[in-house]
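# Descriptive structure summary
Chain by chain, the residues run as shown.
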Amino acid sequence: MKAKKTVLLLLILAFGLTCFAQSTVEILVDAEAAQYKINRHIYGHFSEHLGRCIYDGYWVDPTMNVPKDGRIRLDVVAALRHIKIPNLRWPGGCFADEYHWMDGIGPGSQRPTMINTHWGNVTEDNSFGTHEFLKLCELLDTEPFIVGNLGSGSPQEMMQWVEYLNFDGVSPMTNLRKQNGRDVPWGVTYFGVGNENWGCGGNMTPEYYVTQYRQFATYVKNYPGSPVRKIACGPSGGDYNWTEVLMAGITRGGRSSAWGVDFHYYTNPPRGAGSATNFTEATYFATMRNALRMEELVKGHSAIMDKYDPQKRVSLVVGEWGIWNNVEPGTNPGFLYQQNSLRDALIAGSTLNIFNNHCDRIQMAQLAQTVNVLQAVILTQKEKMILTPTYHVFDLYKVHQDAKMLPVKFASPNYVLDKESLPALNLSASQDSLGVVHISLVNIDPNNSIPVSLSFNQVKWSNVSGQILTSANITDHNTFEKPETVVIKKFDAAKKQGNALNVNIPAKSIVVLELK
Ligand code: AHR
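Keep in mind the model is a prediction, meaning the values are calculated, not measured.

## Brief notes about empty space enclosed by the protein
Taken as a whole, this structure holds 2 cavities of 30 Å³ or more when the rule is applied. Within this model, the largest cavity holds a volume of roughly 40 Å³. Lining the largest cavity we find Tyr 265, Thr 267, Ala 291, Met 294, Trp 321, Gly 322, Ile 347 and Thr 351. Taken together, the elements giving at least two residues each to the lining of the largest cavity come down to strand E13 (258-267), helix H8 (281-308), strand E14 (315-323) and helix H9 (342-357). Grouping the constituent residues of the lining of the largest cavity by class yields 5 nonpolar, 3 polar and no charged. Per-class residue counts for the lining of the second largest cavity are 5 nonpolar, 2 polar and 1 charged.

Okay, structure coming up:
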């Protein structure tokens, strides 16, 4: 009887081990193959004069009872400093090619107004302009990325803006800047030569844009001590012809006046199923498929860039990315105010893994948009402020900034729904300047956990710790009433076994492991 029981136990154990062995994903983290650094600028953000991003987001009514510097809201600033945002893209977006920067300088009472035609036809009072933006960047300790007006502006207007921003000698623009209270130039490095000029920025063909770029970029000057990194308008989604014509037109003998090419891709949920918080698993699946397409697009555009720029001198800048849901019911459709769920966090984690793994070509990216617009990391309601699930992804992933990317090898299991499948697991790894290794793993399968076993080439470590972002449902989100439904928690399920690291990645979760 005792022998029978032992045999049964052994059989159960063997069966369990076989199951584990069959489904465990073997991952190799190969530090020996590491070549590239993950530029911290991949973790950038975008803030446009759109809806409640600038006005009533960062820049609030003087009577609002929150900590402020002038009209800049300091609780928002503190939250963004915590996730170390490396750059901020401004003033648009579509707004950029209608914006005349001189309307936004000088005494507030004398600034002219304009209509924000793209975003709700609201009156823009220009109270937030160049000085206010650069003050915000100083408070955030972040680098400005200013987008100039190529669509409806002139080369002279663009040239004068750069002179106002960056010139330290005697000149009309220096005098004007000093009159407006700023003696020393700011030294702005990143400057966009137009935005989406294939669409809202002028509906140009790529051939026409190339001619325009070459003319405008000529007048974006490098003043002593302030070299500018010019960023040309790149393609939308899978428009490979734009990239081809652009790269052919702006490179000569492997050299280009452009530091970057600004590519935009948004994740759209399926038509008619755009609610940010009320969606089915089928909608989730289709949306994730659209989000994961980012990798194919990055590879496609990079391959074209490789032809003209084999030395990878020109960066692929993903200047606008994120999920574009329906606006929240009852809000202005032109303001693009949307909630943000665990699904959006899984998209952010997966996208940032893609960017990390393609950091040979991607040197910069901006999530659209920081506060109260699209896939925001912060939502505000009068004095209240909440952090979205996407915010927590940027918090978890900040460890990758400026770290050495460690290539990973693995075969993902499938997330299957209605006979269709997607790779369930994605990840990236890096090693920081102190030798600490971080691995960010995303399991997009909402129903099944994934056991993984990591092995390492040329990595020394003895301790592992972890953090996790997950929740009971993919639709879960943080509200002003319940702001902590989706938050980071400690994760201590990863175990060192010999030199391997074994861990079960829970369904619909983002896990970041730290190895020391
Ligand atoms: O982020 C919202 C809009 O999306 C931007 O203004 C534009 O560049 C893009 O089409």
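## Details of the sheet that holds strand E9 (residues 190-193)
Where strands meet in a sheet, backbone hydrogen bonds hold them as pairs that are either parallel or antiparallel. One closed barrel accounts for 8 strands, arranged E2-E5-E8-E9-E10-E13-E14-E15; its pairing is parallel. Averaged over all adjacent pairs, the angle separating strand axes in this sheet is 30 degrees, with direction ignored. Contacts from helix H6 (residues 206-218) reach E9, strand E10 (229-236) and E13 within the one sheet, and its direction differs from that of E10 by about 165 degrees.

## Here's the deal with the confidence of the model for the protein chain
Across the protein chain, the average pLDDT comes to 95, with 96% of residues at or above 70. Every residue in residues 6-22 scores below 50 in pLDDT, and together they form 1 contact with partners more than four places removed in sequence or on other chains.

## A look at the domain arrangement of the protein chain
Looking at the assigned domains, one finds that the protein chain contains domain 1 (24-34 + 406-515) and domain 2 (40-401). One C-alpha centre belongs to domain 1, the other to domain 2; they are set 29 Å apart. With 38 residues of domain 1 at the interface, the matching set in domain 2 holds 38 residues. With both sides pooled, the region where domain 1 packs onto domain 2 buries about 3200 Å², and carbon together with sulfur makes up 68% of that total.

## Things to note about the packing of H8 against H9
The contact between H8 and H9 brings their axes to 9 Å, and the two run at 20 degrees. Of the possible angle classes, the one that applies to H8 and H9 is roughly parallel. As for how H8 packs across H9, the hand of that crossing is right-handed. Of the residues in H9, those touching H8 at Thr 283, Tyr 284, Thr 287, Met 288, Ala 291, Leu 292, Met 294 and Glu 295 are Arg 343, Leu 346, Ile 347, Ser 350, Thr 351, Ile 354 and Phe 355. A class-by-class count of the residues in the contact of H8 with H9 yields 9 nonpolar, 4 polar and 2 charged.

## Let's talk about the state of the cysteines
The term disulfide refers to a covalent linkage connecting the sulfur atoms of a pair of cysteines. Evaluation of the coordinates by the stated rule reveals 1 disulfide. Note on cysteine connectivity: Cys 94 is disulfide-linked to Cys 200, with sulfurs 2.2 Å apart. Taking the torsion about the sulfur-sulfur bond, which here is approximately -90 degrees, the covalent link between Cys 94 and Cys 200 counts as left-handed. Here Cys 94 is found in the loop between strand E5 (87-90) and strand E6 (114-116), whereas its partner Cys 200 is found in the loop between E9 and H6, with 106 residues between them in sequence. Take Cys 53: it sits in no disulfide, and the sulfur closest to it among the cysteines is that of Cys 137, at 12 Å. Judged by its relative accessible area of 0%, Cys 53 falls in the buried class.

## Side note on the pattern of salt bridges
In this structure the tally under the stated criterion is 20 salt bridges. For the salt bridge of Arg 182 with Glu 138, the shortest nitrogen-to-oxygen distance reads 3.2 Å. Here Arg 182 is found in the loop between helix H5 (172-179) and E9, whereas its partner Glu 138 is found in helix H3 (residues 130-140), with 44 residues between them in sequence. The exposure class of Arg 182 is buried, given its relative accessible area of 19%. Judged by relative accessible area, Glu 138 falls into the partly exposed class, the value being 43%.

## Digging into H3
Most of H3 sits inside the fold, with 9 of its 11 residues counted as buried. For H3, the complete set of buried residues consists of Thr 130, His 131, Glu 132, Phe 133, Leu 134, Leu 136, Cys 137, Leu 139 and Leu 140. Positive backbone phi, approximately 55 degrees, marks Asp 141, located one or two places after H3.

## With respect to the side chain of Asp 476
Structurally, Asp 476 can be placed in the loop between strand E25 (464-469) and strand E26 (488-490). We note that Asp 476 is buried and unpaired, the nearest opposite charge coming from Lys 508 at a distance of 7.5 Å. Of note is the side chain of Asp 476, whose polar atom sits 2.6 Å from the side chain of Ser 471. Only 3.3 Å separates the side chain of Asp 476 from the backbone nitrogen of Ala 472, close enough to count as a polar contact.

Rules behind the numbers
- Residues numbered from 1 in each chain as written.
- Predicted model: local features only at pLDDT ≥ 70, side-chain atom pairs only at ≥ 80, totals over all residues.
- Heavy atoms only, no water.
- 1 Å grid on protein atoms, 1.4 Å probe; cavity = no way out; pocket = protein on both sides within 12 Å on 5 of 7 lines; lining within 4 Å.
- Points joined across faces, edges and corners; volume = space filled by probe spheres on them.
- Helix = DSSP H or I, 4+ residues; strand = E, 2+ residues; numbered from the N terminus.
- Nonpolar A, V, L, I, M, F, W, Y, C, P; charged D, E, K, R; others polar.
- Pairing = 2+ DSSP bridges.
- Axes fitted to C-alpha atoms, helices over the stretch in contact; angles between N-to-C directions.
- Contact = heavy atoms within 4.5 Å.
- pLDDT = per-residue confidence, 0-100.
- Domains from an automatic or database assignment.
- Buried area = accessible area lost by both parts, 1.4 Å probe.
- Parallel < 35°, antiparallel > 145°, perpendicular 65-115°, else oblique.
- Left-handed = near helix turned anticlockwise from the far one by under 90°.
- Disulfide = S-S within 2.5 Å.
- Buried < 20%, exposed > 50% of the residue type's maximum accessible area, 1.4 Å probe, protein only.
- Salt bridge = Lys/Arg side-chain N within 4 Å of Asp/Glu carboxyl O.
- Lys, Arg positive; Asp, Glu negative; His and termini not counted.
- Polar contact = N/O pair within 3.5 Å; in protein donor to acceptor, adjacent residues only side chain to side chain.

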